[in-house]
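# What the coordinates show
Chain by chain, the residues:
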Amino acid sequence: TGAEELHWPVPAGQKTFVEELKENGYWTGAAGKWHLGEAMKSRFDEVMEVDTSGFQLPSGEKGLSGKFKQTYQGDARSGCTDWIPLFKKRPKGKPFFLWLAALDPHRPYDKNAIPNPHKPEDVLISPYHPDLPSVREDYALYYDEVTRLDFFVGKVIDQLSIEGLEQNTFILFISDNGKPFPRDKTTLYDSGIRSPWIIKWPKSVRPGTRSKSLVSSIDIAPTFLDIAGVKPHERYSGKSMLPLIKNPDDKIREYIFAEKNWHDYEDHSRAVRDSRYKLIVNSYVDLPNTPPADAVRSPIFQSMLKLYNEGSLEISKQQIFLKPRPGLELYDTKVDPFELNNLAGRIPYLEIQKRLSLALNKWVAETGDYVPSLRTADEFDRETGKPTPARVRPRLSKIQMQSKGLTAP
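Below: a short report on this structure. The structure displayed is predicted, hence computed values, not measured ones. (Residues numbered from 1 in each chain as written. Predicted model: local features only at pLDDT ≥ 70, side-chain atom pairs only at ≥ 80, totals over all residues. Heavy atoms only, no water.)

Here we take up unusual backbone geometry. Cis geometry marks the peptide bond from Asp 104 to Pro 105; its omega dihedral reads -5°. Structurally, Pro 105 can be placed in the loop between β3 (96-101) and α4 (133-162). Residue Lys 323 is joined to Pro 324 through a cis peptide bond whose omega torsion reads 0°. Here Pro 324 is to be found in the loop between α9 (299-310) and β9 (328-332). (Helix = DSSP H or I, 4+ residues; strand = E, 2+ residues; numbered from the N terminus.)

Given below as structure tokens:
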């Protein structure tokens, strides 16, 4: 099924940095959301997985009703309630690595998720979303789940302090994507890939320190190993962030790269970004930039779709519906942080476009990237977010792939 494609398990033969920490004396544990497959559970000393059926709409025939199975209620809906129990299971006096994963703020949202819910009139609306009551209400519920997540993060920090471990515990708070709204999650705009990245390490990081240097999720593994005194193997493509921790003005990379593949809907896009400019290459220009199915089902998308069909949606907010869409997108993120003004093909920016294109092509060659010769069917309807019957989504078991290159004109 498509859901299995999205959440493919990590191959059993893959070695991870977690087991390298374990081999070097660390106790390792994971609690909360789990999408790595059964084989990876053996890499941890303890795994406390939560049931994700409360937010994952079933695929195929089972999901045609569009109803969710609400497994947990109250704080348990956060997916964070096992964090402290896991922490207390660790052997005392032994270094530890914990992967604490939340379900918050994944859709669907519930009202009154926290004691003092946010007010719709207090939220800040992104300029690519319409300022409507339904949109503000959805934002407010999102704020509520972020706040509930923050509460559980605070409980972990409090427990570290109680046990005298706060000063020498390195905490990296991240998100795997942008907020689950249209033009955010699963896009290659900064609202989709510039996710939270907060470090707390009182022993070595002064509170309030900021760094403008580029980092990537592939830098996480070598960073944790470096901090633990374990030399990262050359197979890791990332770079340790320890130099930035020591000197926030340092620089560990000139470019970061991002990719979008099938996620509920077929797509294939790649991006390269330096400290200011970003180039996005869209392989399937005939497909609109549809957000993930949970965002399609959201009040925001449905409100935008209604306005679009009526012909009253502002041009700056139509990007998720347009087809064909541009094959190339170039943005100056300094003057245009919301990436609304596409500069691709404009004469003053051709040299920048060429430089970024060469960097992206080099990355494509180094990573063995390619554009599939055949496409994978959508699993959900692009306007309702409801699952499509399995009988109209033939499984492509073996696909002959060919590289088509990504050289920009």
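Further remarks concern a positive patch on the surface. On the surface, Arg 194, Arg 210, Lys 212 and Lys 334 cluster together into a patch of positive charge. Turning to its location among the elements, Lys 334 is positioned in the loop between β9 and α10 (350-367). Residue Lys 334 is classed as exposed on the basis of its relative accessible area of 62%. (Patch = residues over 30% accessible without salt bridge, like charges linked within 9 Å, V, L, I, M, F, W, Y side chains within 5 Å. Areas by Shrake-Rupley, 256 points an atom, 1.4 Å probe, with all protein chains shown as cover. Salt bridge = Lys/Arg side-chain N within 4 Å of Asp/Glu carboxyl O. Lys, Arg positive; Asp, Glu negative; His and termini not counted. Charge placed at Lys NZ, Arg CZ, Asp CG, Glu CD. Buried < 20%, exposed > 50% of the residue type's maximum accessible area, 1.4 Å probe, protein only.)

Tracing the backbone shows Asn 309 in helix α9. On a C-alpha basis, the gap between Asn 309 and Phe 321 in space is 10.0 Å, while along the polypeptide they are twelve residues apart.

What follows concerns α9. The terminal C-alpha atoms of α9 lie 17 Å apart, and with twelve residues this matches the ideal 16 Å at 1.5 Å per residue to within 8%. Restricting attention to buried positions, one finds in α9 the residues Ile 300, Phe 301, Ser 303, Met 304, Leu 305 and Leu 307. In the core, the buried residues of α9 are packed alongside α4 and α8 (293-296). Just downstream of α9, Gly 311 is the residue with a positive phi angle, here 80°. (Expected span 1.5 Å × (residues − 1). Contact = heavy atoms within 4.5 Å.)

Structural measurements only, silent on function.
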